[in-house]
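Each chain, letter by letter, is given below.
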Amino acid sequence: MNNIYFIEAKSPGAHIFSFTTLPRLGSILLGTILKQKGYNVKVFIEDIAPIPWSLLDDADMVCISSITSTANRAFQLADKFRKRGVLVALGGPHSTFLPDESLNYADFIIRGEGEETLVELIDYINSNTKLNSIKGLSFKNNEGEIFHNPDRALIQDLNSAPIPDFSLVHKWEKSTVVPVATSRGCPFGCKFCSVIPMFGRKYRYKSIDRIIDEIEAAAPKKGHVFFIDDNFAANKNRTKELLRSIIAKKIKIEWSAQVRTDVAKDYELMSLMKKAGCFAVFIGFESINPKTLSLYNKGQELRDIENAIRIVKNHNINIHGMFVLGSDTDDIQTIRNTARFAKKLDIESIQLMVLTPLPGTPVFEELRDSGRLIHKDWSKYDAHHAVFEPTQMTAFELHVETLKAMAKFYSWPAVLRNLWQFDFFYAVVGIYGIRSVKKALSGAKSYVDQLKELITTKFDNRTDKIRQFFQQKQGKSKNIILNTTSLENSESRFFTTFLNKLDKKLIINKEEFKVHKNTLTITPLVDHLKNKHQQGIQQLSEVYDKNKVALDSIKVITMESISLYKSCVNIGLLLNASSRKIRKAYEQALKSIGGNEFECKQVLVIVAR
Ligand code: B12
Ligand code: SF4
């Protein structure tokens, strides 16, 4: 085996940094290691240039790197090469956490850090030694049985890997930014982040001399260095030492890095950053909702965000603020307030991301295990699509409201203001922001329709299609019995208002437990009544007897949800109401009881035919 080619699969859609074409380091680093071992290596980053297929005709092995949002594309590529009889290995965070799925497309899956595993795998392919001794490897045997070898420990000495050789990258000259890694891992543990499961909580870093060598090797050829570390200043003393070294050696670079708000608490660090050429910091603000910050386990408060913005701006360093919207404690207002907040604080660029369950993270496990993932079309797991059922809003609301909030931030007046101030970089960022939001908004309708279809089908399956029955039987005048027997006054008022506002044609009879032919009885089971469920069913059969309704002509369905709002959404779905109507009716109902939400995650529905 001689020709080993690497591909970083392309992104599914545009984002505001699409114009920078920044690759991840994995393929380039692994390619460099194999090149040093004497193999003929080429690296293709699809976001930099399309794959020139003829250059891969002689491939003996293809190594494909993907994250979750690019997994579908990676699978497509893998299939294509396997059909040609080329060996395929897949790696990166997506395949690491869902190796069984990836094994449908590739011969080998390298889980976790690939430096040692890939070298051992190629040694195996060359000499035919045993596969099951290679830690971090997943594969199928000839009978199709899946094997996951034990995990490989994280690399201890980051200096042991070579300096990435960017000349291996096809059309590298087109890229304007060079990625440099000074560390791996992060001591924090945010629940949505896959860095911890992938690279660990222990902060590992390269020596200062090694980092300087890397910068000197790469930087002069490009305009900008992006330190791709997830937390560039997790150890402030080592970061200061690095910055002092850049200054002392008079290395003239302009750079950006990802940091936490805590950098702003260290003035010495801030001024060293500016002096060493810091152009912008990417900060995960994540949320302006204190409850969400704590739910994410972010270890940061709203005042830290405000302080950081003020202090970083005072040091003339640009800010790219990243927010993650849609947690169980966020509602529509949180999204709208976030856009206002970012605009008011006048930061240079923002990314409002939809909370995305990334495989390997606690958020993924929680949402998957509770059945809240709407689909697994990985190309939509790009932080710009809602892919799960949020608690305080529908998935369509989360999707559209996030896009609208982005649209508020990126506007033509803001671009013109940047141009007026000769700030061409942020004028371009603004234009990309406007373009990508416009594109996303125009595609939003079809995505939202897709979501609605999926959600309604799931709902119909769960509720045994009573929606259709109800529609056929009752036609235009819809008669509903709202069973308020055990509700408190305010709860009863809430549901009566909700139903009245939901559909003017509804005839709502607030009654004791009664069952009439061709009617729908809705019993909201507020949380303090949950234990009455069984009792309710018992009561029900007595009612049937009294009303002489044959038992086989009735259907009892419990609609489970995750919040009062979602219970209302379920009732709305049952009555074929639009999501806008449901939202409006819910807000008015809440207003009618002074805005005090109560718990109601179950609604009992009885249909008598
Ligand atoms: C730079 C970066 C970006 C850049 C460039 C992105 C790009 N080209 O894809 C920008 C800013 C544009 C970006 C955008 C996004 N990113 Co980003 N990004 C990173 C970051 C910080 C560094 C990547 C890197 O170079 N890592 C260092 C190298 C050495 O690691 P590596 O590439 O993973 O490779 C190692 C192993 O994975 C493995 N390996 C990888 N590939 C292969 C292939 C084979 C065959 C083998 C054997 C081994 C192997 O071996 C390598 C060496 O150990 C990572 C975080 C991180 N620490 O990795 C997040 C990360 C990759 N991004 C992430 C996400 C979610 C996104 C976005 C969807 C949302 C966002 N944050 O804006 C977008 C989507 C972009 C897209 N491509 O569609 C997640 C992905 C998780 C997942 N399961 O999908 C990460 C891990 C961050 C996180 N917080 O969880 N990102
Ligand atoms: S989001 Fe940032 S701070 Fe939180 S665990 Fe991930 S890398 Fe660390």
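Here, every reference points to the structure presented above.
This write-up is about the structure you can find in this document.

Cut-offs applied
- Residues numbered from 1 in each chain as written.
- Chains lettered and ligands numbered in written order.
- Predicted model: local features only at pLDDT ≥ 70, side-chain atom pairs only at ≥ 80, totals over all residues.
- Heavy atoms only, no water.
- Near = heavy atom within 4 Å.
- Nonpolar A, V, L, I, M, F, W, Y, C, P; charged D, E, K, R; others polar.
- Salt bridge = Lys/Arg side-chain N within 4 Å of Asp/Glu carboxyl O.
- Helix = DSSP H or I, 4+ residues; strand = E, 2+ residues; numbered from the N terminus.
- Buried < 20%, exposed > 50% of the residue type's maximum accessible area, 1.4 Å probe, protein only.
- 1 Å grid on protein atoms, 1.4 Å probe; cavity = no way out; pocket = protein on both sides within 12 Å on 5 of 7 lines; lining within 4 Å.
- Points joined across faces, edges and corners; volume = space filled by probe spheres on them.
- Expected span 1.5 Å × (residues − 1).
- Contact = heavy atoms within 4.5 Å.
- Polar contact = N/O pair within 3.5 Å; in protein donor to acceptor, adjacent residues only side chain to side chain.
- Pairing = 2+ DSSP bridges.
- Axes fitted to C-alpha atoms, helices over the stretch in contact; angles between N-to-C directions.

Around ligand 2, the surrounding shell consists of C186, F188, G189, C190, C193, I196, D230, R260 and K298. Its residues assigned to classes, the shell around ligand 2 comprises 5 nonpolar, 1 polar and 3 charged.

Before going further, it helps to examine the pattern of salt bridges. Enumeration according to the criterion identifies 32 salt bridges in this entry. The residue R84 makes a salt bridge to D57 at a minimum N-O spacing of 3.9 Å. Of the two residues, R84 is situated in the loop between helix 2 (71–83) and strand 4 (87–91) and D57 in the loop between strand 2 (40–45) and strand 3 (61–65); the sequence distance between them amounts to 27 residues. Assessed through its relative accessible area of 56%, D57 is described here as exposed. Between D449 and K445 there is a salt bridge, and its shortest N-O distance comes to 2.8 Å. On the criterion of helical spacing, the pair formed by D449 and K445 is a turn pair, its members being 4 residues apart in helix 16 (residues 424–462). A single network of salt bridges, built from pairs that share partners, joins E113, E115, R184 and R204.

Turning to the layout of surface pockets, a few remarks are in order. Computed from the structure, the second largest pocket encloses a volume of approximately 630 Å³. Along the walls of the second largest pocket sit 28 residues, with E389, I455, R462, N570 and L573 positioned nearest its centre. Elements supplying a minimum of two residues to the lining of the second largest pocket: helix 16, helix 20 (564–574) and helix 21 (579–592). Per-element tally for the lining of the second largest pocket: the top contributor is helix 16, with 6 residues. A breakdown of the residues in the lining of the second largest pocket according to their chemical character gives 11 nonpolar, 9 polar and 8 charged.

This brings us to helix 2. The end-to-end C-alpha distance of helix 2 is 18 Å, a good match for the 18 Å that 13 residues give at a rise of 1.5 Å each. For helix 2, every residue scored as buried is listed here: A71, R73, A74, F75, L77, A78 and F81. The inward-facing, buried residues of helix 2 contact strand 1 (3–8), strand 3, strand 4, helix 3 (93–97) and helix 4 (99–102). G85, located one to two residues past helix 2, shows a positive phi value of around 85 degrees.

Right, let's talk about the site of ligand 1 for a bit. By nearness alone, 39 residues border ligand 1, and R24, L25, S65, S194 and D230 come closest of all. Contacts to ligand 1 include S194, whose side-chain N or O atom sits 2.7 Å from an oxygen atom. Residue Q351 places a side-chain N or O atom 3.3 Å away from an oxygen atom belonging to ligand 1. Mapped onto the shell around ligand 1, the elements with two or more residues apiece are helix 1 (26–36), strand 3, strand 4, helix 5 (115–127), helix 6 (195–199) and strand 15 (349–354). The residue inventory of the shell around ligand 1, partitioned by class, reads 19 nonpolar, 13 polar and 7 charged.

Glancing now at the sheet that holds strand 8 (residues 177–180). Taken in spatial order, the 6 strands of this open sheet run 8-11-12-13-14-15, and their pairing is parallel. The two strands at the open ends of the sheet, each matched to only one other strand, are strand 8 and strand 15. Between one strand and the next, the sheet's axes are offset by a mean angle of 20 degrees, whatever the strand orientation. As paired elements, strand 13 (residues 278–286) and strand 14 (residues 318–325) share 6 bridges and run parallel to each other. Within strand 14, the position partnered with E286 by the bridge is F323. Running at roughly 160 degrees to strand 14, helix 11 (residues 302–314) makes contact with strand 13 and strand 14 of the sheet. The sheet strands contacting helix 14 (residues 395–409) are strand 14 and strand 15, and the helix crosses strand 15 at an angle near 175 degrees.

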